[in-house]
Amino acid sequence: MLSYPSDRLAERIALRPRVDKLTSVNTTFDHPHDVLRFCEDQPDASLVIVTSVTGGAMRSAGAMMAVSAGRVAGYISNGCVDADIIMRARRGDAGRFVYGEGSPFRDIVLPCGGRIEVHIWSNPDQDLISHAVSALNRRESFTFILNDNFQTVLKPKIRFRIAGRGDALMSLYRLATISGLDVVIQSPDEFDGDYMPLVDPSNVPEIDDDARTAVILLFHDHDWEPEILKQAVEGTAFFVGAMGSVRTHALRCDRLAALGVSGELIEAIRGPIGLLPAMRDANLLAVSILAEVLQVAQSEGML
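A short note on the overall build of the chain
- In terms of regular secondary structure, the chain is built from 9 helices and 14 strands.
- C-alpha atoms of the chain, sized along the principal axes, occupy 65 × 35 × 35 Å.
- Put simply, 57% of the contacts in the chain that link residues at least 6 apart link residues at least 24 apart.
- When the accessible surface of the chain is split by element, carbon and sulfur atoms take 50% of a total near 14,700 Å².
- Each charge class in the chain can be summarised by its mean position, and for the 29 positive and 40 negative side chains these summaries are 5 Å apart.

Shown next as structure tokens:
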């Protein structure tokens, strides 16, 4: 069976890092998987975990940030709370800190109200971090326990398997990647980066989709679709969708029925794909597709 590219795909894509103006350091992606890999690479980093949230807040309990002498991974509030946490972590503070309602730091105001509790772990358990990263590399959930009084279940990133060619594929690839998602590309065309080449429409490579994978087809040449769609709907992907008009979608459903795919599975295919109908611009179509996938993921409790 052909496996996905390395779990470090996002790192190799070489996207431009974001710049945190408050701290004048580069900031990496903000999923716990990325934050914990940052801690693996920089063992001197402090790990910051949101342990409780009341009221409105940018992040939820379980969100993570890591702070080293020169870099930051992730964020907590994208504002003054982050600046204070970074300052405390760099001077060696550790333990529980409260911001907002009931906080001793009256000069730090949460604009949306509420209360955030964080724990700064100045010497995080590297074995625990290694086990968590290994599980997420395998796309398995991991229960992360902090000092026996807080635990959170870390889930693998949402993964986009995008099969297609042309501008629509490139636009969705860029948008999904910069959004911090895992992205796997399949295309008959050469691709500037890691991808799985498609050679024969009747003999597509086997692949290990999981329950946090969305499969998206972006072909104008629809001869590539039947076998890929059959493979996807008979697997465990939580979302399967394809680009094209209403008429095109009806024709693809007929072709799948001719291949012996059940009506129930065919009905699960989303087409025309996109939360907003009839997007004729590749970039706007990408936004529309991303929004639809995330809407489904949220409705199924995956975000």
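Focus: the packing of aromatic side chains
- As enumerated under the stated definition, the model contains 6 aromatic pairs in all.
- With 6.3 Å between their ring centres and 80° between their planes, Trp-121 and Phe-144 make a pair best called edge-to-face. Of this pair, Trp-121 sits in strand 7 (residues 115–121) while Phe-144 is found in strand 8 (residues 142–146), placing the two residues 23 residues apart along the sequence. Taken as a pair, Trp-121 and Phe-144 share a single burial class, namely buried.
- Between Tyr-173 and Phe-191, the ring centres sit 4.9 Å apart and the planes meet at 90°, which makes this aromatic pair edge-to-face. Separated by 18 residues along the polypeptide, Tyr-173 in helix 5 (residues 167–178) and Phe-191 in the loop between strand 11 (182–187) and strand 12 (196–197) bring together distant segments of the chain.
- According to the relative accessible area criterion, Tyr-173 is buried, its value standing at 11%.
- Three or more aromatic residues joined by ring pairs form one cluster here, namely Tyr-173, Phe-191 and Tyr-195.
- Its guanidinium or amino end placed over the ring of Tyr-75, Arg-59 lies 4.3 Å from that ring's centre, counting from NZ or CZ.

A few points about the layout of surface pockets
- Counted as a void, the largest pocket has a volume near 870 Å³.
- Mapped by element, the contributors of at least two residues to the lining of the largest pocket are strand 9 (150–154) and helix 9 (282–299).
- Sort the elements by how many residues they give to the lining of the largest pocket and strand 9 lands first, with 3 residues.
- Taken together, the residues of the lining of the largest pocket break down into 16 nonpolar, 7 polar and 5 charged.

Things to note about the confidence of the model for the chain
- For the chain, mean pLDDT is 88; residues scoring 70 or higher make up 90% of the total.
- Across residues 1–28 the pLDDT falls below 50, and counting only partners more than four positions away or on other chains, this stretch makes 68 contacts in the model.

Notes on the nonpolar core
- Core analysis: the largest hydrophobic core is formed by 27 residues, its most contacted members being Phe-160, Ile-216 and Phe-238.
- In terms of residues, this core owes the most to one element, helix 9, which gives 7 residues.
- Not counting residues within four places of it along the chain, the set of residues in contact with Phe-160 comprises Leu-172, Ala-176, Leu-181, Asp-182, Val-183, Val-184, Ala-214, Ile-216, Leu-290 and Val-293.
- Residues Cys-39, Ala-73, Leu-128 and Leu-154 belong to the second largest nonpolar core, which totals 22 residues.

Side note on the sheet that holds strand 14 (residues 239–242)
- The 5 strands lie next to each other as 12-11-10-13-14, forming an open sheet whose pairing is parallel. Of all the strands in the sheet, just strand 12 and strand 14 have a single pairing partner and so form its edges.
- With 5 bridges joining them, strand 10 (residues 159–164) and strand 11 adopt parallel strand pairing. Bridge pairing links Ile-162 to Ile-185 in strand 11.

Rules used in this analysis
- Residues numbered from 1 in each chain as written.
- Predicted model: local features only at pLDDT ≥ 70, side-chain atom pairs only at ≥ 80, totals over all residues.
- Heavy atoms only, no water.
- Helix = DSSP H or I, 4+ residues; strand = E, 2+ residues; numbered from the N terminus.
- Contact = heavy atoms within 4.5 Å.
- Areas by Shrake-Rupley, 256 points an atom, 1.4 Å probe, with all protein chains shown as cover.
- Lys, Arg positive; Asp, Glu negative; His and termini not counted.
- Charge placed at Lys NZ, Arg CZ, Asp CG, Glu CD.
- Phe/Tyr/Trp six-rings, centres within 6.5 Å; stacked < 30°, edge-to-face > 60°.
- Buried < 20%, exposed > 50% of the residue type's maximum accessible area, 1.4 Å probe, protein only.
- Lys NZ or Arg CZ within 6 Å of the ring centre and 35° of its normal.
- 1 Å grid on protein atoms, 1.4 Å probe; cavity = no way out; pocket = protein on both sides within 12 Å on 5 of 7 lines; lining within 4 Å.
- Points joined across faces, edges and corners; volume = space filled by probe spheres on them.
- Nonpolar A, V, L, I, M, F, W, Y, C, P; charged D, E, K, R; others polar.
- pLDDT = per-residue confidence, 0-100.
- Core = buried A, V, L, I, M, F, W, Y, C linked by side-chain atoms within 4.5 Å.
- Pairing = 2+ DSSP bridges.

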